[in-house]
Amino acid sequence: MARVIVMDLSRHNTVMVGHDRYFVLDTGGRAELVRDHCPHRGGPLSLARRTPDGRRLSCPWHGTKVGVAAVRRSRLPMVRSGDEALVVLPDGADAPVSVTHREILANLPPDPTHHDEGAEHG
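Residues numbered from 1 in each chain as written. Predicted model: local features only at pLDDT ≥ 70, side-chain atom pairs only at ≥ 80, totals over all residues. Heavy atoms only, no water.

A look at the overall build of the protein
The line we're drawing: Numbering of helices and strands starts at the N terminus; helices are DSSP runs of H or I of at least 4 residues and strands are runs of E of at least 2. Each residue is assigned to one of three classes by its accessible area relative to the maximum for its type, calculated with a 1.4 Å probe on protein chains only: buried under 20%, partly exposed between the two thresholds, exposed over 50%. Contacts are residue-level and defined by heavy atoms, with any inter-residue pair within 4.5 Å sufficient. To measure how exposed things are, a 1.4 Å probe is used in the Shrake-Rupley method; for residues, cover is taken only from the protein chains shown.
Within the protein one finds 1 helix and 11 strands. Across the protein, helices and strands are ordered from the amino to the carboxyl terminus as β-β-β-β-β-β-β-α-β-β-β-β. A buried classification covers 39% of the 122 residues belonging to the protein. Of all intrachain contacts in the protein linking residues separated by at least 6 positions in sequence, the fraction that spans at least 24 positions is 60%. Surface accessibility of the protein: about 6,900 Å² in total, with carbon and sulfur atoms responsible for 50%.

In structure tokens form, the structure reads like this:
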């Protein structure tokens, strides 16, 4: 059975489901709750910076480029009304759940000084 939580997006931007973390990613004015996990080595994509073109995130651990489109594929179903969001947690998510507020660098404007080198995923 699916589990649903309510988030106040004016106060919270991160959800922990057991050991899995999700963060609110701004994708062109739309908030999406995505997995905070780089596919390369598991780095925290919430602390990534966008590349100058804004289409990829540069993982803070190894500089791996991950496409925003690929990150969006990990999003949880979420319905937003104003600052309130109903989030459907993954199946089997019987683990403890907590919501917090953290600094999300991935939502800052693209870094114009960042060089577009290194591995790329997505």
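Some words on the environment of V97
Along the chain, V97 turns up in strand 10 (residues 97-100). For the pair V97 and G18, spaced 79 residues apart in sequence, the C-alpha to C-alpha distance is 6.4 Å.

Thoughts on the sheet that holds strand 10
Inclusion rule: Being paired, for any two strands, means DSSP has found at least two bridges between them. Fitted lines through C-alpha atoms serve as axes, helices being fitted only where they are in contact, and the angles separating the N-to-C directions of these axes extend from 0 to 180 degrees.
Spatially, the 4 strands line up as an open sheet ordered 4-3-2-10, and their pairing is antiparallel. The open sheet has two edge strands with one neighbour each: strand 4 (31-35) and strand 10. Averaged over all pairs of adjacent strands, the angle between strand axes in this sheet comes to 25°, irrespective of strand direction. Bridge analysis of strand 2 (residues 14-17) against strand 3 (residues 20-26) gives 4 bridges, and the strand direction is antiparallel. Considered in strand 3, the bridge of V15 is made with Y22.

A look at the nonpolar core
Definition in use: We define a nonpolar core as any set of buried Ala, Val, Leu, Ile, Met, Phe, Trp, Tyr and Cys residues linked to one another through side-chain atoms lying within 4.5 Å.
In this structure, M7, L33 and V87 are the most contacted members of the largest nonpolar core, which totals 14 residues. The residues touching L33, leaving out its near neighbours within four places in the chain, are M7, V15, Y22, F23, V24, S74, R75, L76, M78 and V87. A48, V66, I104 and A106 belong to the second largest nonpolar core, which has 13 residues in total.

Describing the environment of S46
Note the cut-off: Definition of a polar contact: a pair of N or O atoms within 3.5 Å, with one able to donate and the other able to accept a hydrogen when the atoms are protein atoms, and with sequence-neighbouring residues admitted only if both atoms are side-chain atoms.
Here S46 is to be found in the loop between strand 4 and strand 5 (49-50). S46 sits 13 residues away from C59 along the chain, and the two C-alpha atoms are 8.8 Å apart. Once residues lying within four places of it in the same chain are set aside, the contact partners of S46 are F23, D36, R102, E103, I104, L105 and A106. Within the structure, the side chain of S46 is placed 3.2 Å from the side chain of R102, a separation counted as a polar contact.

Some points on the sheet that holds strand 9 (residues 84-88)
If you trace the 3 strands from one edge of the open sheet to the other, you get 1-9-8, paired in antiparallel fashion. With one partner strand each, in any of the chains shown, strand 1 (4-8) and strand 8 (78-81) form the two edges of the open sheet. Neighbour-to-neighbour, the strand axes of the sheet open up by a mean angle of 20°, direction not taken into account. Sheet topology note: the strand 1/strand 9 ladder contains 5 bridges and is antiparallel. Looking at strand 9, one finds that V4 is bridged to V88.

What to know about the side chain of R56
On the secondary structure map, R56 appears in strand 6 (residues 56-58). Side-chain polar atoms of R56 contact the side chain of D53, separated by 3.0 Å.

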